[in-house]
Amino acid sequence: MNILRSERVSASLLLAAAVLGLILANSPIGHDLVEFKHAHLAIPFTGLDLSLGHWVSDGLLAVFFFIVAVELRRELVIGELNSFSKAALPAIAALGGVVAPALVFLAFAGAGPTADGWPIPTATDIAFALGVLAMFGRFIPTRVRVFLLALAVLDDLIAILIIAFFFTADADLAYLGFAAITVTLFGMMSRLLSPRSPYVLARRSQWPVMVTLWTLAVLTWSFVYLSGVHATIAGVMLGLVMSRRPAGRAVHSLEPMSNAVILPLFAFSAALVAIPAVRPSELDPAFWGILVGLPVGKIVGITIIGGIATLFVHRRTGIKPLTWSDVAMVGALGGIGFTVSLLMNELAFREYPDVADQGVVAVLIGSGIAIAISAVFVGLKSRAYRRRGAAEGVGGPLAH
């Protein structure tokens, strides 16, 4: 199972699933697959009636957001974001990586009906970005990887907030109240599994608690969905309140399923669109905003804002500074939007299915361009660090 936790394997499976989805959607069986994706599956007496595609994007993807939330909480408590001095630089760079792509998108889309798609190019796919870094950056210093991880985590936090506030309308407060109750109970019950709890149970006695936690998690997801808030937010809520040690064990158990099944299935489902049979001049401006915003907006925003911040933050903290080229490399990796960008595309253009299809293609092409740019960038930087390490008598990958 450890191979399914590999960043390289996760990135490879994601890319393969998206490419397969796009190919099959434009094959003779494409129409039938798309119809199957839109077929509804309802659960009687619950009010839950979703298409198969939405069971994946609203249901299964909540597990991915649970993992992201646990990682975010860990970084905030004991990781690389647990102090202002540590969080300042990636936070400022992440802000630049959100503002610049949004401005690029709006420069193309203007104030038209598809301007609501501005969040699409602002996301960074953690799994993909770290996967590319792992594939091509053997000699990249640990501090650069930590910077990328912190930036991507903060980027996902911003994405979560965007989903919660910009893609939610007419929330049902009663259902949100029920969700708050089940989330609170979930957090309290999870502490029974913590080794530091005075009420910790023997291993053989933990299964009733586990069953209760799964029940509360499903109820939370159902209440959030029925409230009108995007259901993946339920995963975020549960990940943030779960006791840290049990949450870490849960992530360890769920990560292989997320990497091997959930994320590839979502990528396949999201990429299951017919390539628009239109001339480039007939494409919606949103297409070009996404296509340019991901690889260009990200690298410009992160490099300029993050590079300037580096000069001031490291001068005050005394930490070994990142170079401008390090920050630019991270900016290139940040342009790999993929999973979260595909989700935002689905949310932003739910009333414009033709534009949504164009948006999927734009996300895939834009992320593909970012992958190619970052792979070259990471490879060149890795060789440079390898030569520097050899000159300094350091063997193997650098650790500082």
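All of these numbers come straight from a predicted model, not from anything done at the bench.

Peer 1: Quick one: what's the story with the environment of Val-378, residue by residue and with numbers?
Peer 2: Tracing the backbone through its elements, the reader meets Val-378 in helix α14 (residues 353–391). According to the relative accessible area criterion, Val-378 is buried, its value standing at 0%. Residues Val-378 and Ala-111, 267 residues apart in the sequence, show an inter-C-alpha distance of 37 Å. Those residues within four positions of Val-378 in sequence are excluded, and the remaining contacts are Leu-133, Phe-136, Gly-137, Ile-140, Met-329 and Leu-333.

Peer 1: Provide a residue-level description of the packing of helix α1 (residues 7–25) against helix α5 (residues 126–136), including the pertinent values.
Peer 2: Here α1 crosses α5 at 120 degrees, and the two axes come no closer than 7 Å. In this view, α1 runs oblique relative to α5, as classed from their interaxial angle. For the crossing formed where α1 meets α5, the hand is left-handed. Only Ala-127, Phe-128, Leu-130, Gly-131, Ala-134 and Met-135 of α5 make contact with α1, whose side of the interface consists of Glu-7, Arg-8, Ser-10, Ala-11, Ser-12, Leu-14 and Leu-15. Taken together, the residues that form the contact of α1 with α5 break down as 8 nonpolar, 3 polar and 2 charged.

Peer 1: Tell me about the environment of Ala-372, and name the residues and values.
Peer 2: Along the chain, Ala-372 turns up in helix α14. Of the residues examined, Ala-372 reaches a relative accessible area of 45% and is grouped as partly exposed. Residues Ala-372 and Ala-217, 155 residues apart in the sequence, show an inter-C-alpha distance of 39 Å.

Peer 1: Let's hear about the packing of helix α6 (residues 142–166) against helix α13 (residues 338–348): which residues, and what values?
Peer 2: One can describe the packing of α6 onto α13 by two numbers: an axis separation of 11 Å at closest approach and a directional angle of 15 degrees. Accordingly, the angle class assigned to the pair α6 and α13 is roughly parallel. Between α6 and α13 lies a crossing whose hand is left-handed. Along its contact with α6, which presents Asp-156, Ala-159, Ile-162 and Ile-163, the element α13 presents Val-340, Leu-343, Met-344 and Leu-347. For the contact of α6 with α13, the per-class residue count stands at 7 nonpolar, no polar and 1 charged.

Peer 1: Explain a nonpolar patch on the surface to me, using residue names and the numbers behind them.
Peer 2: On the surface, Ile-92, Val-296, Val-300, Ile-304, Ile-305, Ile-308, Leu-311, Phe-312 and Trp-324 cluster together into a nonpolar patch covering about 770 Å² of accessible area. Per element, the largest residue contribution to the nonpolar patch is 7 residues, and it comes from helix α11 (residues 285–317). As for its placement among the helices and strands, Ile-304 is situated in helix α11. Judged by relative accessible area, Ile-304 falls into the partly exposed class, the value being 44%.

Peer 1: Explain helix α10 (residues 244–270) to me, using residue names and the numbers behind them.
Peer 2: With 27 residues, α10 extends only 32 Å from end C-alpha to end C-alpha; this falls clearly short of the ideal 39 Å at 1.5 Å per step. The largest bend along α10 measures about 50 degrees and falls at Ser-258.

Peer 1: Could you give an account of the pattern of salt bridges, naming the residues involved and the relevant values?
Peer 2: If charged atoms from side chains of opposite charge come close, those side chains can pair. Per the counting criterion, the structure on display carries 4 salt bridges. Among the ionic pairs, Asp-155 bridges to Lys-298, the shortest N-O distance being 2.5 Å. With Asp-155 in helix α6 and Lys-298 in helix α11, this residue pair connects regions lying 143 residues apart in the sequence. Across the pair, exposure class does not vary: Asp-155 and Lys-298 are buried alike. Two residues, Glu-282 and Arg-279, come together in a salt bridge whose shortest N-O distance is 3.1 Å.

Conventions adopted
Residues numbered from 1 in each chain as written. Predicted model: local features only at pLDDT ≥ 70, side-chain atom pairs only at ≥ 80, totals over all residues. Heavy atoms only, no water. Helix = DSSP H or I, 4+ residues; strand = E, 2+ residues; numbered from the N terminus. Buried < 20%, exposed > 50% of the residue type's maximum accessible area, 1.4 Å probe, protein only. Contact = heavy atoms within 4.5 Å. Axes fitted to C-alpha atoms, helices over the stretch in contact; angles between N-to-C directions. Parallel < 35°, antiparallel > 145°, perpendicular 65-115°, else oblique. Left-handed = near helix turned anticlockwise from the far one by under 90°. Nonpolar A, V, L, I, M, F, W, Y, C, P; charged D, E, K, R; others polar. Patch = residues over 30% accessible without salt bridge, like charges linked within 9 Å, V, L, I, M, F, W, Y side chains within 5 Å. Areas by Shrake-Rupley, 256 points an atom, 1.4 Å probe, with all protein chains shown as cover. Salt bridge = Lys/Arg side-chain N within 4 Å of Asp/Glu carboxyl O. Expected span 1.5 Å × (residues − 1). Bend = angle between axes of the 7 residues up to and from the residue.

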